[in-house]
Amino acid sequence: MSSIKKIGVFTSGGDAPGMNAAVRATVRAAAGYGIEVCGIYNGYEGMIKGIFEPKIKSKIANIIQRGGTILKTARSKEFMTKEGREQAFKNLTSQNIDALVAIGGNGTYTGALKLGKETGIPIIGLPGTIDNDIYGTDYTIGFDTAINTAVDAVDKIRDTADSHNRLFFIEVMGRHAGYIALHTGIGSGAYTVFLPETETDIPAFVSKLKTQRKKLFNLVIVAEGNTNGNAHEIAQKVKNSGFDQDIRVAVIGHLQRGGSPTCHDRVLASRLGFNAVKCLLEGDKGIALGIVNGNLNKVSFNDAIYAKKELSKDLLEMVNLLSK
Ligand code: F6P
């Protein structure tokens, strides 16, 4: 028998489509096991300021299809201080919250690791970020929706690039990781991708483009965290190298973070939310959940934060080969 009676749930960091589905699954699964859930608004900020939603159960109908997060989100500097976390824990105790489900990315897990270590409160993390850069899960909640949004945008840019015979550099999100760029590149049949994980040799790219240019237009997907600069900077470098084709830049930006989650993200979020509650009741603490090869996977917060999730070698090899 678990001693957990009330779970606090919150979303933190950059929002991701499917966060609502994860909140809903957490609340409904807990209700099924006779456990109360309290919502916490604005992530760690709300925890410090004591902005709670004890009636979260009455607020989760009609949200599985909604993008964003009904619990709002924030990036909290104060929670990175010991005083901030002490205040947050005091507030949790005053609400009788004795366990947490934290939905977010790396920053969220870092906060959860610290809070868990300092107070002993059981916390389960769910990977909610469009970047797909969390170790211990094949996919993060929101990634599938984001790449579908990006591919849809690139398909549209393809039409105009083709009509004008232009070279387009299209920037997608991913500060430290190239998953969005790599998948968008393959899914949209782009000429190539520029990623944070791989070196980009601009002169070699230009000469290859000149010799191999069978098509009159080309699409290049640039991850925002790419080492050679953002899409505008790369376009300028290519222009400076004497490349004579008409060049344009498009930045997809925060469009990628919004919209109704795909079925893949809804199912992933529901499965993880449900299992977060089960794990808490089984006595797990300080772990991040994910799905690997179709199965539920648990890793420590430490591994989820610091272990490197490698890009698929297959996809990296494919991306240039298939676009020739
Ligand atoms: O971490 C998710 C992410 O969407 C990154 O891909 C992006 O760099 C960042 O958030 C943007 O953050 P903000 O919404 O604070 O501009």
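The text that follows walks through the structure, step by step, so that each part is easy to find.

With that settled, the discussion passes to the overall build of the protein. Check the secondary structure of the protein and you find 11 helices and 11 strands. Here the C-alpha radius of gyration of the protein, 22 Å, is about what a compact globule of 324 residues would show, namely 20 Å. When the backbone C-alpha atoms are referred to their principal axes, the protein occupies close to 70 × 35 × 30 Å. In the protein, of all internal contacts separated by at least 6 residues, the share reaching a separation of at least 24 is 75%. Total accessible area computed for the protein in this model is approximately 14100 Å², and 51% of it derives from carbon and sulfur atoms. Counting 39 positive and 32 negative side-chain charges, the protein places the centres of these two groups 4 Å from one another.

At a closest axis distance of 7 Å, the pairing of helix α1 (residues 19-32) and helix α9 (residues 263-281) adopts a crossing angle of 35 degrees. Handedness of the α1/α9 crossing: right-handed. Here Ala21, Ala22, Ala25, Thr26, Ala29 and Ala30 of α1 lie close against α9, whose contacting residues are Arg266, Ala269, Ser270, Gly273, Phe274 and Val277. Classifying every residue of the contact of α1 with α9 by side-chain character gives eight nonpolar, three polar and one charged.

The subject of this paragraph is the site of the ligand. If you check the shell around the ligand, you find Arg75, Ile130, Asp131, Met173, Gly174, Arg175, Glu224, His254 and Arg257 and nothing else. A distance of 2.7 Å separates an oxygen atom of the ligand from a polar side-chain atom of Asp131. One of the side-chain N or O atoms of His254 is found 3.0 Å from an oxygen atom in the ligand. Protein coverage of the free-state accessible area of the ligand, which is 400 Å², stands at 76%. The residue makeup of the shell around the ligand, split by class, is two nonpolar, two polar and five charged. Residues from two domains meet in the shell around the ligand; each of domain 1 (6-142 + 261-306) and domain 2 (144-258) gives at least three.

With respect to topology, seven strands assemble into an open sheet ordered β3-β2-β1-β4-β5-β10-β11, the strand pairing being mixed. At either margin of the open sheet sits one strand with a lone partner, and together these are β3 (52-53) and β11 (295-300).

Size it by volume and the largest pocket reaches roughly 680 Å³. Taken together, 31 residues form the lining of the largest pocket, with Asn106, Gly107, Asp131, Asp133 and Arg175 sitting closest to its centre. Of the residues forming the lining of the largest pocket, the biggest block, three residues, is contributed by helix α4 (residues 106-119). Along the lines of polarity and charge, the residues of the lining of the largest pocket split into nine nonpolar, 13 polar and nine charged.

As for its placement among the helices and strands, Arg166 is situated in the loop between α5 (143-164) and β6 (167-172). Among all residues touching Arg166, those that are not within four sequence positions of it are Ala161, Leu216, Phe217, Asn218, Gln245, Asp246 and Arg248.

Attention shifts here to the pairing of β6. Summarising burial for β6: six of the six residues are buried, a large majority. Side chains of β6 alternate between two faces, with Leu167, Phe169 and Glu171 and Phe168, Ile170 and Val172 buried alike. Bridge count between β6 and strand β9 (residues 247-251): five bridges; the pairing is parallel. Residue pairing across strands places Leu167 opposite Ile247, the latter belonging to β9.

Looking now at the pairing of strand β10 (residues 287-292). The element β10 is largely enclosed, with a buried count of five among its six residues. Bridging between β10 and β11 involves six bridges; their strand directions are antiparallel. Considered in β11, the bridge of Val292 is made with Asn295. The turn linking β10 back onto β11 is made up of two residues, and Asn293 within it adopts a positive phi angle of 50 degrees.

Within the open sheet, the four strands sit side by side as β7-β8-β6-β9. Their pairing is parallel. Every interior strand has two partners, whereas the edge strands, β7 (192-194) and β9, have only one. In this sheet, neighbouring strand axes are inclined to one another by 20 degrees on average, regardless of whether the strands run parallel or antiparallel. Here three bridges tie β7 to strand β8 (residues 218-223), and the two strands are oriented parallel to one another. Each bridged residue has a counterpart across the sheet, and for Thr192 the counterpart in β8 is Val220. Seen against the sheet, α5 touches β6, β8 and β9 and runs at an angle of roughly 165 degrees to β6. Together, β6, β7 and β8 form the strand contacts of helix α6 (residues 179-188), whose direction differs from that of β8 by roughly 165 degrees.

Analysis parameters
Residues numbered from 1 in each chain as written. Predicted model: local features only at pLDDT ≥ 70, side-chain atom pairs only at ≥ 80, totals over all residues. Heavy atoms only, no water. Helix = DSSP H or I, 4+ residues; strand = E, 2+ residues; numbered from the N terminus. Rg over C-alpha atoms; globule rule 2.2 N^0.38 Å. Contact = heavy atoms within 4.5 Å. Areas by Shrake-Rupley, 256 points an atom, 1.4 Å probe, with all protein chains shown as cover. Lys, Arg positive; Asp, Glu negative; His and termini not counted. Charge placed at Lys NZ, Arg CZ, Asp CG, Glu CD. Axes fitted to C-alpha atoms, helices over the stretch in contact; angles between N-to-C directions. Left-handed = near helix turned anticlockwise from the far one by under 90°. Nonpolar A, V, L, I, M, F, W, Y, C, P; charged D, E, K, R; others polar. Near = heavy atom within 4 Å. Polar contact = N/O pair within 3.5 Å; in protein donor to acceptor, adjacent residues only side chain to side chain. Domains from an automatic or database assignment. Pairing = 2+ DSSP bridges. 1 Å grid on protein atoms, 1.4 Å probe; cavity = no way out; pocket = protein on both sides within 12 Å on 5 of 7 lines; lining within 4 Å. Points joined across faces, edges and corners; volume = space filled by probe spheres on them. Buried < 20%, exposed > 50% of the residue type's maximum accessible area, 1.4 Å probe, protein only.

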